[in-house]
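Breakdown of the fold
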Amino acid sequence: MINAPNELSYDDISIGQQESFMIKITASMVEKFSNLSGDLNPLHMDNEFAESSSFKKRIVHGMLLASFFSQLIGMKLPGKNALYFSQTLNFRSPCYIDDEIEVVGEVIEKSDSTQIITVSTSIFNKSKTCLIDGIAKIIVR
């Protein structure tokens, strides 16, 4: 169960502040995301096809992983007072079903005039390989 969101104000946030959480990626998540997004690419959905690819098994949708940045921003950093403004994404390495991932955010910049924070966002597997990274801009209301 997800707890209530943090309620950090702009003044509560400092450069270098970090938040993170762990989550296991399941086959059920991949199937639900595939149905919601309409992305039925066989690299994600077909074991036989994926085994014949360079990945050797089904890979998780990159956008499914990236969707966890929404939880990071909307629940943790800053939480309730967040208004997501933008997000860049770099897909670095594949994620596989049953991988446990860590979703990490670190405040790298604050703009007093706009009340926008810039957060470095990353997702790592248990081997500490970066799967996705990017930069988020959040208006703190």
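The shown structure was predicted, so the numbers you read here are calculated from the model rather than taken from an experiment.

Brief notes about helix α5 (residues 68-76)
Of all the positions in α5, only F68, F69, L72 and I73 are classed as buried. Down the axis of α5, the smallest arc covering the buried residues is 145°, so these residues share one side.

Thoughts on the packing of aromatic side chains
For the structure shown, the criterion picks out zero aromatic pairs. Lying over the aromatic face of Y96, K57 brings its terminal NZ or CZ to 4.8 Å of the ring centre.

Structural notes on helix α1 (residues 27-37)
Here α1 has its buried residues at V30, F33 and S34. For α1, the buried positions fall inside an angular range of 100° around the axis, keeping them on one side. Exposed residues lying more than 90 degrees from the buried face of α1 are K32, N35 and L36. Contacts from the buried residues of α1 go to α2 (42-45) and α4 (62-66).

With respect to unusual backbone geometry
Trans peptide bonds make up the majority, and among non-glycine residues the majority have a negative phi. The amide bond that connects L77 to the next residue, P78, takes the cis arrangement and shows omega of 15°. Backbone geometry at K56 places phi at a positive 70°, although glycine is not the residue there. On the accessibility criterion, K56 (56% relative accessible area) is exposed. The phi torsion at Q115 lies on the positive side, around 60°, for a residue other than glycine. Mapped onto the secondary structure, Q115 falls in the loop between β4 (100-111) and β5 (116-125). With a relative accessible area of 31%, Q115 lands in the partly exposed category.

Some details on the nonpolar core
Within the largest apolar cluster, 31 residues are counted, with the highest numbers of intra-cluster contacts made by I25, V60, L65, F68, I101, V103 and V119. At the level of elements, β1 (18-24), α1, α4, α5, β4, β5 and β6 (130-140) are the ones that each hand at least two residues to this core. Broken down by element, the residue count for this core peaks at five residues, all from β6.

Concerning the pattern of salt bridges
The full count for this structure, using the stated rule, is three salt bridges. Linking R92 and D133 is a salt bridge whose minimum nitrogen-to-oxygen distance equals 3.2 Å. Of the two residues, R92 sits in the loop between β3 (90-91) and β4 while D133 sits in strand β6, which places them 41 residues apart along the sequence. One salt bridge connects K128 with E102, and the closest N-O pair in it is separated by 3.3 Å. Taken together, the positions of K128 in the loop between β5 and β6 and E102 in strand β4 put the pair 26 residues apart, joining distant regions of the chain.

Conventions used here
- Every chain is numbered independently, its residues counted from 1 as its sequence is written.
- With the structure being a predicted model, the display of local features is reserved for residues of pLDDT at least 70 and the display and counting of side-chain atom pairs for 80 or more, all residues being used for whole-chain, interface and lining totals.
- Values shown for side chains rest on all heavy atoms present in the structure; no hydrogens or waters enter the calculation.
- Note on exposure labels: buried denotes an accessible area under 20% of the residue type's maximum, exposed denotes more than 50%, and partly exposed covers the range between, all computed with a 1.4 Å probe on protein chains only.
- Each helix corresponds to a stretch of at least 4 residues labelled H or I by DSSP, and each strand to a stretch of at least 2 residues labelled E; elements are numbered beginning at the N terminus.
- To be clear, the arc concerns the directions from the helix axis to the C-beta atoms.
- Only the six-membered ring of Trp is used, alongside the rings of Phe and Tyr, when aromatic pairs are assigned; centres must lie within 6.5 Å, and planes under 30 degrees apart are stacked while those over 60 apart are edge-to-face, with the rest tilted.
- Each ring is checked for a lysine NZ or an arginine CZ that lies within 6 Å of its centre and within 35 degrees of its normal; such an atom marks a charge sitting over the ring.
- Contact definition: two residues touch when any of their heavy atoms are within 4.5 Å.
- The term nonpolar core refers to a set of buried residues drawn from Ala, Val, Leu, Ile, Met, Phe, Trp, Tyr and Cys, joined through side-chain atoms within 4.5 Å.
- By definition, a salt bridge exists where a carboxyl oxygen of Asp or Glu is found within 4 Å of a side-chain nitrogen of Lys or Arg.

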